[in-house]
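Single-letter residue listing:
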Amino acid sequence: MKDIKVIGSVNIDIIMSSQKLPTTGETVKADKYYLYPGGKGANQAVAVSRTGVRPEFFGKLGNDYFAEIIINYLKKENIDIAIKYGQNTGIAMINVEASGRNMITVYPGSNGNMSIDDFPDVRIKNSIVLFQQEIPLKTIRDFITKLREDGNFIITDPSPYSADKYILENSDILTPNQTEAQLLAGCDINSIEDARKASEIIRGKYRNNVIIKLGSRGSLVNYNGEIKYFRAYAVKAVDTTGAGDCFNGAFASEFLRTGDVDKSVEFANIAAALSTTGYGAFPSFPYQNQVIRIQEGN
Ligand code: RIB
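Before going into details, it helps to say that this report is about the structure given with it. (Residues numbered from 1 in each chain as written. Predicted model: local features only at pLDDT ≥ 70, side-chain atom pairs only at ≥ 80, totals over all residues. Heavy atoms only, no water.)

Some points on the nonpolar core
- If you look at the biggest cluster of nonpolar residues, it comprises 46 residues, and the most contacted ones within it are Ile4, Phe57, Ile128, Leu130, Phe251 and Val265.
- For this core, the element with the highest residue contribution is helix α8 (residues 261-275), accounting for eight residues.
- One finds Phe58, Phe131, Ile154 and Ile167 within the second-largest nonpolar core, a separate group that totals 17 residues. (Core = buried A, V, L, I, M, F, W, Y, C linked by side-chain atoms within 4.5 Å. Buried < 20%, exposed > 50% of the residue type's maximum accessible area, 1.4 Å probe, protein only. Helix = DSSP H or I, 4+ residues; strand = E, 2+ residues; numbered from the N terminus.)

And the structure:
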């Protein structure tokens, strides 16, 4: 593989941090407020870039004020951008409470009508390609059909959850979190042993490799039928938003460098943990040297 492409969503994230999340009908006072670019696709692209590989990002924004803010941020992050414009930029309203738990409501905007026809000249060869599921599933299917002919390696984050058989069967690695893995496997995951069983069910159903992201419990990898558990790097989390995206981007960077799944999962586990120690999605994503320092015990 020669480089990394990310195809997916980009949003403006409106983040409010309060002592506790509101319940239905309740109003709570926020102590902090942030406005940052986000979206699972853009977040993964930033994680790739910060961990040492300049990626190309394919996404769709609106013809509005938010688009300019986002483009400026992405350029500063050393990302090559292939952006198309629709009507409105996607917006995510993110509530975070002191424990680090969050609630997210997403208005898809232009992400919701991104299509392969927006990128008629795209030709991707021998690349690692990252997908998530915040753009139409048909668009992902169309891209995958085109990409499979050209020796690409496809990593799909089935998030937000949707079990599209074609996407799942035609990805080289799936990276569900615990909830998504439960849904894909049709069983509960309450322990590492449960995660191991779920990974076997998912691999059996979709004939691919699986990395289950278990948050503060680490990751369970089922690659070529070999199952391994990797512990998380322990941190004090303040906001877990985007941690899964950070994992995928960091994994892809290290996998491009080493071709080694175990090393890449260890690297991604540290990056994802560090990303939870600050607010927002990508503003808290670590750089390659921060992860290496921890790996070297400094
Ligand atoms: O995964 C986190 C992301 O989900 C946020 O950045 C938000 O935009 C939503 O898409």
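After that view, the rundown keeps rolling.
Topic: the side chain of threonine 89
- Following the sequence through the fold, threonine 89 ends up in the loop between β5 (80-86) and β6 (90-97).
- By relative accessible area, which is 1% here, threonine 89 ends up buried.
- There is a polar contact of 2.9 Å between the side chain of threonine 89 and the backbone nitrogen of glycine 62.
- Reaching out from threonine 89, the side chain makes a polar contact with the side chain of aspartate 64 at a distance of 2.7 Å.
- Setting aside residues no more than four positions away along its own chain, threonine 89 makes contact with Ile12, Leu61, Gly62, Asp64, Phe66, Ala67, Ile70, Tyr107 and Gly109. (Polar contact = N/O pair within 3.5 Å; in protein donor to acceptor, adjacent residues only side chain to side chain. Contact = heavy atoms within 4.5 Å.)

Quick look at the packing of aromatic side chains
- Considering all chains together, one arrives at eleven aromatic pairs under this definition.
- Centroid distance tyrosine 65 to phenylalanine 66: 5.7 Å. Interplanar angle 50 degrees. Geometry classified as tilted.
- Where phenylalanine 131 meets phenylalanine 143, the ring centres are 6.4 Å apart and the plane angle is 50 degrees; that geometry is what we call tilted. In this pair, phenylalanine 131 sits in strand β8 (residues 127-131) while phenylalanine 143 sits in helix α3 (residues 137-148), placing the two residues twelve residues apart along the sequence. Assigned by exposure class, phenylalanine 131 and phenylalanine 143 land together as buried.
- Taken together, the aromatic side chains of Tyr34, Tyr36, Tyr73, Tyr279 and Phe282 make up a single cluster linked through ring pairs.
- Against the face of tyrosine 73 rests lysine 76, its NZ or CZ located 5.6 Å from the ring centre.
- Positioned above the aromatic ring of phenylalanine 267 is the side chain of arginine 257, whose terminal nitrogen or guanidinium carbon lies 5.4 Å from the ring centre. (Phe/Tyr/Trp six-rings, centres within 6.5 Å; stacked < 30°, edge-to-face > 60°. Lys NZ or Arg CZ within 6 Å of the ring centre and 35° of its normal.)

Things to note about the site of the ligand
- With respect to spatial proximity, the complete set of residues near the ligand consists of Asn11, Asp13, Gly38, Gly39, Lys40, Asn43, Ala92, Glu134, Gly242, Asp245 and Ala281.
- In this structure, aspartate 13 approaches the ligand through a side-chain N or O atom, which is 2.6 Å from an oxygen atom.
- Contact distances for the ligand include 2.8 Å between an oxygen atom and a side-chain N or O atom of lysine 40.
- Contact with the protein chains removes 96% of the 280 Å² of surface that the ligand exposes when unbound.
- Among the secondary structure elements, those contributing two or more residues to the shell around the ligand are β2 (11-18) and α1 (40-50).
- Looking at side-chain class alone, the shell around the ligand contains two nonpolar, five polar and four charged residues. (Near = heavy atom within 4 Å. Areas by Shrake-Rupley, 256 points an atom, 1.4 Å probe, with all protein chains shown as cover. Nonpolar A, V, L, I, M, F, W, Y, C, P; charged D, E, K, R; others polar.)

Observations concerning the pairing of strand β9 (residues 153-156)
- Every second residue of β9 is oriented toward a common face, with Phe153 and Ile155 on one face and Ile154 and Thr156 on the other, all of them buried.
- The pairing of β8 with β9 spans four bridges and is classified as parallel. Across the sheet, the residue bridging to isoleucine 128 is phenylalanine 153, located in β9.
- As a crossover connection, the stretch from β8 through α3 into β9 is right-handed. (Pairing = 2+ DSSP bridges. Right-handed = clockwise from strand over helix to strand, strands pointing away.)

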